[in-house]
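Structural features, examined
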Amino acid sequence: DSGVTQTPKHLITATGQRVTLRCSPRSGDLSVYWYQQSLDQGLQFLIQYYNGEERAKGNILERFSAQQFPDLHSELNLSSLELGDSALYFCASSVEGGGIGTDTQYFGPGTRLTVL
Amino acid sequence: SQKIEQNSEALNIQEGKTATLTCNYTNYSPAYLQWYRQDPGRGPVFLLLIRENEKEKRKERLKVTFDTTLKQSLFHITASQPADSATYLCALGYSSASKIIFGSGTRLSIRP
């Protein structure tokens, strides 16, 4: 158990809908990262937040947005969903907000999103 | 654009042997290179990080090497066990560009 929690575990929705994925980092970690993992794309970095501020941006679509709240939990919002958005979405956390790739990241169990 | 290749999709070896996984990249050398283990349906688990100015890192039965001339990292598991069976991912960290790129992974199977 990494100490990172994600809800829900599974989500099934229809095209065009909007969903919110939630992540609670490990106690004491200030950075939260979001990743998308699909069979054809592998693990793709979406976005990083550090202590409430956006720190780094990866391959995140404009239909997707995220935020980190004062209690450090984070939410990833996915809107106008398409079939291709079906994937595992992982949240990770780390202690610091240093350059991405420098900190040990602890991954949560993921949310499996299915868009029908 | 930057590309990462992990040697093969799958690797099968006999218990007790050393497993060697390869991570090759093109273009720019990362500041950091990480290796993760991922079991089916679960999140990746961090194993080792090696910096661009380091040649080798060890942790118990694990060893990572990083050759910026060859643009390659090797990940070794010595005295492999069936419990080591998993997918192993390498990740390149470009801290100055705030970017991290993961390889597609190598699925390792250790047969008893």
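Look up a bit, the structure's there.
Read on for an overview of the structure. (Residues numbered from 1 in each chain as written. Chains lettered and ligands numbered in written order. Predicted model: local features only at pLDDT ≥ 70, side-chain atom pairs only at ≥ 80, totals over all residues. Heavy atoms only, no water.)

1. Quick look at the interface of chain B and chain A
Put simply, the rule reads: Two residues qualify as a contact provided that any one of their heavy atoms is within 4.5 Å of a heavy atom in the partner residue. Polar contacts, as counted here, are pairs of nitrogen or oxygen atoms within 3.5 Å of one another; within protein the pair requires one atom able to donate a hydrogen and one able to accept it, and residues that are adjacent in sequence qualify only if both atoms are side-chain atoms. In this text, helices come from DSSP runs of H or I with a minimum length of four residues, and strands from runs of E with a minimum of two, each type numbered from the N-terminal end. Amino acids are sorted into nonpolar (Ala, Val, Leu, Ile, Met, Phe, Trp, Tyr, Cys and Pro), charged (Asp, Glu, Lys and Arg) and polar (every other residue, Gly among them).
With 18 residues of chain B in contact, the opposing surface of chain A contributes 18 residues. Here chain B is connected to chain A by one residue pair in polar contact (both at pLDDT 80 or more). Contributions of two or more residues to the side of chain B that touches chain A are made by β4 (32–38), β5 (45–51), β9 (86–94) and β10 (99–102) of chain B. Considering every element that reaches the side of chain B that touches chain A, the biggest residue donor is β4 of chain B, with four residues. Looking at the side of chain B that touches chain A, its residues break down into nine nonpolar, seven polar and two charged.

2. Comments concerning the layout of surface pockets
Once rolled over the atoms, a probe with the size of a water molecule shows which space is left empty. Keep this limit in mind: Definitions used throughout: a 1 Å grid over protein atoms alone; a cavity as a set of points that fits a 1.4 Å probe which cannot get out; a pocket as an open set with protein on both sides within 12 Å along at least five of seven lines; a lining residue as one with an atom within 4 Å of a point. Grid points are joined across faces, edges and corners, and a volume is the space filled by probe spheres set on the points.
Reported here for the largest pocket is a volume of approximately 1,300 Å³. Among the elements of the structure, β4 (31–38), β5 (42–50), β9 (87–94) and β11 (111–115) of chain A together with β1 (4–6), β9, β10 and β11 (106–111) of chain B are those that each provide at least two residues to the lining of the largest pocket. For the lining of the largest pocket, a count of residues per class yields 16 nonpolar, 21 polar and 10 charged. By volume, the second largest pocket amounts to about 320 Å³. Around the second largest pocket, the lining is made up of 15 residues, and of these Asp-1, Ser-2 and Phe-107 of chain A together with Gly-43 and Val-45 of chain B lie nearest the centre. The set of elements that each furnish at least two residues to the lining of the second largest pocket consists of β10 (106–107) of chain A together with β5 of chain B. A breakdown of the residues in the lining of the second largest pocket according to their chemical character gives seven nonpolar, five polar and three charged.

3. Description of the sheet that holds β1 of chain B
In sheet architecture, strand pairing relies on hydrogen bonds along the backbone and comes in two forms, parallel and antiparallel. All names here are of chain B. Note the cut-off: Being paired, for any two strands, means DSSP has found at least two bridges between them. Where helices are involved, their axes are fitted lines through C-alpha atoms of the stretch in contact, as for all axes, and angles between N-to-C directions lie from 0 to 180°.
What the five strands build is an open sheet, ordered β1-β3-β8-β7-β6; its pairing is antiparallel. Bordering the open sheet on either side are β1 and β6 (56–59), each of which pairs with just one other strand. Across this sheet, the average inter-strand angle for adjacent strands is 15°, counted without regard to direction.

4. A closer look at the pairing of β9 of chain A
Residue and element names in this part refer to chain A. Rules: To sort residues, take the accessible area from a 1.4 Å probe on protein chains only and compare it with the maximum for the residue type: under 20% means buried, over 50% means exposed, and anything in between is partly exposed.
Across the eight residues of β9, eight count as buried, placing the element largely inside the fold. With burial as the criterion, each face of β9 is covered, one bearing Ala-87, Tyr-89, Cys-91 and Ser-93 and the other bearing Leu-88, Phe-90, Ala-92 and Ser-94. Relative to β9, β4 runs antiparallel, the two sharing seven bridges. Bridge assignment links Gln-36 to a residue of β9, and that residue is Tyr-89. Relative to β11, β9 runs antiparallel, the two sharing three bridges. Looking at the pairing, Tyr-89 lines up with Thr-111 of β11.

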